[in-house]
Amino acid sequence: ILGGDEENLPLTRLVQHDLWLNQHPKDCSNARFLMADWFSEKAPNSIGVGSELVYLSAMFSMAVMQKRVLVTKAYHGANHSGCLGFDHTRWSCYFVPEASSECIARALELSSRKESWDQGLLIDFDYNHGWFVPRLWGEPWKRIQPSVELNGILMQDVNGNNERRWWRAQVFRYLMRFPSEYLCNLLNVARNEAFGEAAARLILKNYPQGNWNSNNHSSHSESPMEANVWSSYGPWIPRPLVSIHVRQGDKNIDMEVHPFKDYMKLATRLRKKFPHITGVWLSTEMQSVIDESREYEGWNFFFTDIKRQVGGIRMAEYMASLGKRKNFENSYVNLLMAADCDFFVGVLGSTWSYAIDCLRMTSGKVKAGFLTVNPVNMFLR
């Protein structure tokens, strides 16, 4: 967990510690399990990656309340040629496994035995459980300091949803606390494509003309300071960087969509307080938004190189046009890149913006705030 306790949601460090213990019992042979469905298998044309994580948070709640280890079933998002070996069709293709390897192996072994289900060693998620939040840590959501602004007003309780918002953020943080080697490689490629030229120009600027020797620098070995202290800074990005997530397209079914200029008005507001901001990590499914971004002088926009929607089509159609592998790779790269940015402008009615905010609220960025163009939608309440 990055940052001080006051820079994260209340009790984040304690809850993450306890969730890890729940998922890593000393003896898996005596553990009971909840086998978590991936909801999009039931509704493939109406639910996206962000919504799926929201459903998963409800399943995690039931597991914790019943003292069960949550183990995910086969993950359709990892059912492609990029996810190999044990990680094929597993959540661990993208992030650290949800439980200990021993417990996952035990649960998958038991799942093939009818008597294990009959004895209650494994259960499926009971949708009658609903969206209950565990009370093991009291009611820390009541201590959340307002950090979401809509129409110039801080939202004291995000549409009466701080309780679930707090819990979902804890679940998202636990499940996505470390990207896999596979996802790290994807992130490195995305960073290089977006920021590589800017980084190279800065490096060359620091050397008098004619003094750069690429051979010497390619064989450079890390000093103790670089290896043991500076390594915690992570990969270079052009900070400060604003994440802007624009959701349009078929999202008008359950929320009011806004033009790109409304997002940029909020980004311009940030500049009044932080005038040195020039960089934007832009995530959107719409090609028109990418095109419009070129009209804003004085801003440097960065984004993944991927085919985007032209005109109005359903998100499910767009995702299918990308192909499963490209769609999921691009989704998780954008999620982690956006969460790593210093500031955030988004749309609270989008589950993807909601997911970005959840990760930011548990990685030291609560006090950076969230400027939103609209309120949460009914699905997220």
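Residue numbers here run from 1 along each chain, matching the order of that chain's written sequence. For this predicted model, a pLDDT threshold of at least 70 governs which residues receive local features, and a threshold of 80 or more governs which side-chain atom pairs are given and counted, while totals over whole chains, interfaces and linings are taken from all residues. To obtain the side-chain values, all non-hydrogen atoms of the structure were used and water was disregarded.

Novice: Teacher, can you tell me more about the packing of aromatic side chains here?
Specialist: Centre-to-centre distance and the angle between the planes together describe a pair of aromatic rings. Ring geometry is summarised as follows: Phe, Tyr and Trp rings, the Trp one being its six-membered ring, pair when their centres sit within 6.5 Å, and such pairs are stacked at plane angles under 30 degrees, edge-to-face over 60 and tilted between the two. Across all of its chains, the model carries 25 aromatic pairs by this definition. Taken together, a centroid distance of 5.4 Å and an interplanar angle of 50° make the contact between Y55 and W131 tilted. Within this pair, whereas Y55 is found in helix α2 (residues 49-65), its partner W131 is found in the loop between β3 (122-124) and β4 (148-150), the two being separated by 76 residues in sequence. Chaining the aromatic ring pairs together yields one cluster made of W38, Y75, W91, Y94, F95, Y182, F328 and Y332. Working rule: Lys NZ or Arg CZ, within 6 Å of ring centre, within 35 degrees of ring normal, means a charge sits over the ring. Between the NZ or CZ atom of R271 and the centre of the ring of W299, over which it lies, the distance is 3.7 Å. Numbering of helices and strands starts at the N terminus; helices are DSSP runs of H or I of at least 4 residues and strands are runs of E of at least 2.

Novice: Which parts of the structure should I look at to understand the pairing of strand β6 (residues 241-246)?
Specialist: The side chains of a regular strand alternate between both faces of the sheet. Burial classes: relative accessible area under 20% of the type maximum marks a residue as buried, over 50% as exposed, and values in between as partly exposed (1.4 Å probe, protein chains only). β6 sits mainly inside the fold: six of its six residues count as buried. With burial as the criterion, each face of β6 is covered, one bearing L241, S243 and H245 and the other bearing V242, I244 and V246. Summarising the sheet, β6 and strand β7 (residues 279-284) pair through six bridges and their orientation is parallel. By the bridge assignment, S243 is partnered in β7 with W281. Should DSSP find at least two bridges between two strands, the strands are taken to pair.

Novice: Mind showing me how you'd approach the sheet that holds strand β2 (residues 69-72) here?
Specialist: As a general point, the strands of a sheet are linked pairwise by backbone hydrogen bonds and lie either parallel or antiparallel. Spatially, β2-β1-β3 is the arrangement adopted by the three strands of the open sheet, whose pairing is parallel. A strand with exactly one partner marks an edge of an open sheet, and here the two such strands are β2 and β3. Direction aside, neighbouring strands of the sheet carry axes that sit 30° apart on average. Sheet topology note: the strand β1 (residues 33-36)/β3 ladder contains three bridges and is parallel. The partner of M35 across the bridge, within β3, is D124. Residue contacts follow a heavy-atom distance rule, with two residues in contact if any of their heavy atoms lie within 4.5 Å. Convention adopted: a line fitted to C-alpha atoms gives each axis, helices being fitted over their contacting stretch, and angles between N-to-C directions are expressed from 0 to 180 degrees. On the sheet, α2 packs against β1, β2 and β3 and is oriented at approximately 170° with respect to β1.

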